[in-house]
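# Examining the three-dimensional arrangement
Each chain, letter by letter, is given below.
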Amino acid sequence: MTLVEDRAHLVTAANDAARRAMIESQLRVSGVNDLTLLAAFAAIAREDHVPEAARPVAYMDRAVPLGDGSVLAPALTHGQMLTAAEPTLSDNVLVIGKPGAYLAALATRLTAHVTVAAPDGDWSGDAPYSLVLIDGAIEVAPAGLAPVLAEQGRVVTGLIERGVARLAIGRRLGGELLFTKLAEADFAQLPEFAAKKRWSF
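Residues numbered from 1 in each chain as written. Predicted model: local features only at pLDDT ≥ 70, side-chain atom pairs only at ≥ 80, totals over all residues. Heavy atoms only, no water.

The helix and strand tally for the protein stands at five helices and eight strands. In summary, the protein has a C-alpha radius of gyration of 18 Å against a globular reference of 17 Å for 201 residues, a match within 12%. Here the C-alpha coordinates of the protein stretch approximately 65 × 45 × 30 Å along the principal axes. In the protein, which comprises 201 residues, the share counted as buried stands at 43%. (Helix = DSSP H or I, 4+ residues; strand = E, 2+ residues; numbered from the N terminus. Rg over C-alpha atoms; globule rule 2.2 N^0.38 Å. Buried < 20%, exposed > 50% of the residue type's maximum accessible area, 1.4 Å probe, protein only.)

In structure tokens:
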């Protein structure tokens, strides 16, 4: 084995150990215990979804800056989202977000069909969706969301209210999205879904 191969082997082993530690010390202790979901976290290399310079901190219990103004949410945030979403193999899933790729990779291990789209992208491609995962926090539900969501379809996201982000699950009922707020969670706000500023005098 060459020095380069030996170093690569050590890095892989360290990342595998960090992934196991993330599952045990961040997810399990916080109520993310579904075995299928934990297997998805074990299978997806989180370090592959951050810039090379950020790989040493990919498994820390915090958001990881991606260098373009966006962040990769903490693993626990994604674990809480997927626990609330309860994805099934029959779900047609839309992941909205920047970057969205890590959450989409997890979802792909849990369901049969996943589409990824940017917050300002075209969401209609494989609509209607039975499940929409918004990889970040919103202040207002985007107007284009309800039309691509199946009746009784669900949306899982962070919902910002009075400056506090909470995990929320919404359902489409009669063309309208109704949200139920759950626990506080570590979401980064998506500026595309910010509320319009109100003028005050």
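Back to the text.
Their axes nearest at 11 Å, the elements helix α3 (residues 75-85) and helix α4 (residues 101-108) cross at an angle of 40 degrees. In terms of orientation, α3 lies oblique with respect to α4. Note on packing geometry: the crossing formed by α3 with α4 is right-handed. Every residue of α4 that contacts α3 at H78, M81 and L82 is listed here: Y102, L103 and L106. Tallied by class, residues from the contact of α3 with α4 come to five nonpolar, one polar and no charged. (Axes fitted to C-alpha atoms, helices over the stretch in contact; angles between N-to-C directions. Parallel < 35°, antiparallel > 145°, perpendicular 65-115°, else oblique. Left-handed = near helix turned anticlockwise from the far one by under 90°. Contact = heavy atoms within 4.5 Å. Nonpolar A, V, L, I, M, F, W, Y, C, P; charged D, E, K, R; others polar.)

Where helix α2 (residues 35-43) is concerned, the buried positions are L37, L38, A40 and F41. Looking down the long axis of α2, one finds its buried residues gathered within 150 degrees of arc, a one-sided arrangement. Here α2 starts with a cap whose side-chain oxygen sits 3.1 Å from the backbone nitrogen of T36, and that cap is D34. (Arc of directions from axis to C-beta. Polar contact = N/O pair within 3.5 Å; in protein donor to acceptor, adjacent residues only side chain to side chain.)

Moving on, we get to the environment of P74. Examined against the element boundaries, P74 turns out to sit in the loop between β2 (71-72) and α3. By relative accessible area, which is 3% here, P74 ends up buried. Sequence separation of P74 and I169 is 95 residues, and the distance between their C-alpha atoms is 19 Å. Beyond its immediate chain neighbours, meaning those up to four positions away, P74 contacts R46, D61, R62, A63 and D186.

A few words now on the sheet that holds strand β5 (residues 129-138). Consider a sheet: its strands pair through backbone hydrogen bonds, and that pairing is either parallel or antiparallel. The strand order across the open sheet formed by six strands is β4-β3-β5-β6-β7-β8, and the pairing between neighbours is mixed. Of all strands in the sheet, those with a lone pairing partner are β4 (113-117) and β8 (176-184), marking the two edges. Between one strand and the next, the sheet's axes are offset by a mean angle of 20 degrees, whatever the strand orientation. Summarising the sheet, strand β3 (residues 92-96) and β4 pair through five bridges and their orientation is parallel. Each residue of the ladder has a partner; that of L94, found in β4, is T115. Each of β5, β6 (149-161), β7 (164-173) and β8 is contacted by α3, which is oriented at about 150 degrees to β5, the strand it contacts most. (Pairing = 2+ DSSP bridges.)

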